[in-house]
Amino acid sequence: MKTPLIALATISSASMLFADDIVINMNASVSSQQILLGEPTVTWRYTASLGQGPSSTLSLIPNSYLGPIISVNTGDSVQVHFQNDLSNETTTHWHGLDIPEESDGHPKDAVAPGDSYDYEYIVRNRAATYWYHPHPDMMTGEQVYMGLKSFFIVSDPQEQALDLPRGEYDLPICIHDADFTQENQLVFSGANMMGHFGNTQLVNGQPNYNYSAATKIYRLRLLNGSQSRILKLAFDDGTPIVVIGVDGGLLEAPEKYPYLLMGPGERYELWADFSGKTVGHVITLKSLLFDEFAGGIGQGGERDIMTFTIDRDETEVLTLPTTLVPIGEVYDVADVQDEKLWPIVWGGGGGFLLNGETFDMYGTIENERAPGDALELITMTNSDGTIKFAHPMHLHGRQFQVFSRSIDAEGVDAYNTVKDGLVDSGWQDTFMIMPYETVQILVRWSRHPGLFMYHCHNLPHEDMGMMRNFLLSEPTCPSDLNHDGFVDVADLLVIIGAWGTPFGDVSGDDITDVSDILGVISGWGACN
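Definitions and limits used
Residues numbered from 1 in each chain as written. Predicted model: local features only at pLDDT ≥ 70, side-chain atom pairs only at ≥ 80, totals over all residues. Heavy atoms only, no water. Pairing = 2+ DSSP bridges. Helix = DSSP H or I, 4+ residues; strand = E, 2+ residues; numbered from the N terminus. Axes fitted to C-alpha atoms, helices over the stretch in contact; angles between N-to-C directions. Phe/Tyr/Trp six-rings, centres within 6.5 Å; stacked < 30°, edge-to-face > 60°. Buried < 20%, exposed > 50% of the residue type's maximum accessible area, 1.4 Å probe, protein only. Lys NZ or Arg CZ within 6 Å of the ring centre and 35° of its normal. Polar contact = N/O pair within 3.5 Å; in protein donor to acceptor, adjacent residues only side chain to side chain. Contact = heavy atoms within 4.5 Å. Disulfide = S-S within 2.5 Å. Lys, Arg positive; Asp, Glu negative; His and termini not counted. Salt bridge = Lys/Arg side-chain N within 4 Å of Asp/Glu carboxyl O. 1 Å grid on protein atoms, 1.4 Å probe; cavity = no way out; pocket = protein on both sides within 12 Å on 5 of 7 lines; lining within 4 Å. Points joined across faces, edges and corners; volume = space filled by probe spheres on them. Nonpolar A, V, L, I, M, F, W, Y, C, P; charged D, E, K, R; others polar. Patch = residues over 30% accessible without salt bridge, like charges linked within 9 Å, V, L, I, M, F, W, Y side chains within 5 Å. Areas by Shrake-Rupley, 256 points an atom, 1.4 Å probe, with all protein chains shown as cover.

(A) Representation of the sheet that holds strand 22 (residues 303-312). Strands sit in the order 14-22-21-16-19 across an open sheet of five strands; the sheet is mixed. Taken across any chain shown, the strands that pair with only one partner, and hence form the sheet edges, are strand 14 (210-214) and strand 19 (260-262). Within the sheet, the average angular offset between the axes of one strand and its neighbour, ignoring direction, is 25 degrees. In this structure, strand 21 (residues 282-287) lies alongside strand 22, joined through six bridges in antiparallel fashion. Bridge pairing links Leu 285 to Met 306 in strand 22.

Laid out in structure tokens, this is it:
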């Protein structure tokens, strides 16, 4: 006979009983692709085969040199056996995922040419559009530019329960740009303060990208996979910009914007309603003009990104949901355990300084260390120094919430040309900080201890050293799952509700089971 406790655990874990063990064999190698008319272009490419798991785990982007899309569910166990067949060292970073240090793709774990590496982790993230790409020191920009990037899409029961566009109406769209020689070969400018702005606009690795669409509603999963270009996105025919998801998952409710500001590394999910269009109608997704001083030299030019041609009439039954997915824990600034100030400043010929320093492979300073699971307020400033650029700032291993923004008087006019496209709702792992701006974020650090990075995702800036480490120690009170300062019955209930998932884990193995009940019992009482 089952006890009530076990019976409740069985019921609550039903949605996760079918988590998969996924094994992927992946390599990075030199390849070629017919991108332009004439000679094929030499590219670098991720290829993969499925060793174990659902056949839906890997899918190819048609006519593209970008890597395969990896699709998993929350709670899945993932093993990626990676082989480096390039002539340079590399790593693979799983951008946005909360995973152990040894699988995060830190440059200290670079894989030498001809060597292999195993990435192993349990997916503990919410349903969202994540991505993966290389992260070697001083070579990330070139490797991403040459083609080493693609989508990592996570689903979960809450997301699956919603009436959202699926199948062919769920479109991953990677926006990037490139320069080509007369012989159709890619040209990369390297690490430099100015960044890299390609003359040829690409979507999913293809120029002049047109999608043949129906009179339907589409879920557009946008990734800014550019080196440096900040996008101010809008449809030319006035189709509303309706945001349903950000870096770390779906919002609590859809939000409408006049345009969407999107820095490199950021992802947004749009509800694009083409159901009222007529066959033959062409919609252009554009990046609108904005003040160059809002982004930095080279930013702000208007350009066409892609087109959608309505070529068939289909009946649509979906309607925009009024609510989506609860955000979960809403951080309260009154509960923060520490505050940190990380300023950005131009450091002269050596590039931009982050927190007063450039990259040190293993180094941290005092305000770059924290206990795991601690709630902290991070303030980043972009007001000092003689040269100012906008910076897309990314934290590894953790989603956070944007708490506040403020702008100095010197930056207001330029800021006004972009501010209405900033989306600060929901869970983020990358955010834009504009010239003369101060941004505060609330982050509850990962329970995974170790050395992780934060950096500018303008990749030439990162490769010049605009990247730092933060060091997480073991959580001080791992059994306090509801963060009230006590280990008690409430934490046992969290474990029961999360049984079989990663979300009631106390022992550090990313799965909630009997060992976590024992951990709560052993830690019973007030946190010390």
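(B) Region of the structure containing the packing of aromatic side chains. Across all of its chains, the model carries 24 aromatic pairs by this definition. Ring centres of Tyr 121 and Phe 152 lie 6.5 Å apart, and the angle between their planes is 50 degrees; this geometry places the pair in the tilted category. In this pair, Tyr 121 sits in strand 7 (residues 116-122) while Phe 152 sits in strand 9 (residues 150-155), placing the two residues 31 residues apart along the sequence. With respect to class, Tyr 121 is no different from Phe 152; both count as buried. Three or more aromatic residues joined by ring pairs make a cluster, and in this case those are Tyr 46, Phe 82, Trp 94, Tyr 117, Tyr 119, Tyr 121, Tyr 132 and Phe 152. Residue placement shows Lys 216 over the ring face of Tyr 169; its charged tip is 5.0 Å from the ring centre.

(C) Highlighting the side chain of Lys 216. Here Lys 216 lies in the loop between strand 14 and strand 15 (217-224). At 3.1 Å, the side chain of Lys 216 forms a polar contact with the backbone oxygen of Thr 315. The residues touching Lys 216, leaving out its near neighbours within four places in the chain, are Tyr 169, Ala 272, Asp 273, Phe 274, Ser 275, Glu 314, Thr 315 and Glu 316.

(D) Molecular detail of the sheet that holds strand 7. If you trace the four strands from one edge of the open sheet to the other, you get 2-1-5-7, paired in mixed fashion. If you trace the sheet from one side to the other, it starts and ends with strand 2 (41-52) and strand 7, each paired once. Strand after strand, the sheet turns through a mean of 20 degrees between neighbouring axes, direction not considered. Note that strand 1 (residues 21-33) and strand 2 share 11 bridges and pair antiparallel. The residue of strand 2 that forms the bridge with Ala 28 is Tyr 46.

(E) Quick peek at the state of the cysteines. Evaluation of the coordinates by the stated rule reveals one disulfide. Between the sulfur atoms of Cys 477 and its disulfide partner Cys 527 the distance amounts to 2.0 Å. Handedness of the Cys 477-Cys 527 disulfide follows from its S-S torsion of about -70 degrees: it is left-handed. Taken as a pair, Cys 477 in the loop between strand 32 (467-473) and strand 33 (486-487) and Cys 527 in the segment after strand 34 (525-526) lie far apart in primary sequence, 50 residues in all.

(F) Structural context of the side chain of Asp 179. Relative to the elements of secondary structure, Asp 179 occurs in strand 10 (residues 170-180). Of the side chains bearing the opposite charge, Arg 229 lies closest to the buried Asp 179, which forms no salt bridge; the N-O distance is 7.3 Å. Separated by 3.5 Å, the side chains of Asp 179 and His 196 make a polar contact. If we ignore the near neighbours within four places in the chain, the residues touching Asp 179 are Tyr 145, Gln 185, Leu 186, Val 187, His 196, Phe 197, Gly 198 and Asn 199.

(G) Molecular detail of the layout of surface pockets. By volume, the largest pocket is sized at about 1000 Å³. Arg 124, Arg 126, Ile 327, Gly 328 and Phe 503 are the residues nearest the centre of the largest pocket, which is lined by 35 residues in total. A class-by-class count of the residues in the lining of the largest pocket yields 12 nonpolar, 13 polar and 10 charged. Approximately 650 Å³ is the volume attributed to the second largest pocket. Those elements that place two or more of their residues in the lining of the second largest pocket are strand 4 (69-73), strand 9, helix 3 (157-160), strand 10, strand 14 and strand 15. Taken together, the residues that form the lining of the second largest pocket break down as 15 nonpolar, 12 polar and seven charged.

(H) Structural detail: a nonpolar patch on the surface. Together, Val 489, Leu 493 and Trp 524 line one region of the surface with nonpolar side chains, adding up to about 320 Å² of accessible area. Along the chain, the position of Val 489 falls in helix 6 (residues 489-497). The partly exposed category is assigned to Val 489, whose relative accessible area is 48%.

(I) Region of the structure containing the environment of Val 412. As for its position among the elements, Val 412 is in helix 4 (residues 412-415). Judged by its relative accessible area of 27%, Val 412 is partly exposed. Residues Val 412 and Pro 435 lie 23 residues apart in sequence; the distance between their C-alpha atoms is 9.4 Å.

Take it as geometry only, folks, not as evidence of what the structure does.
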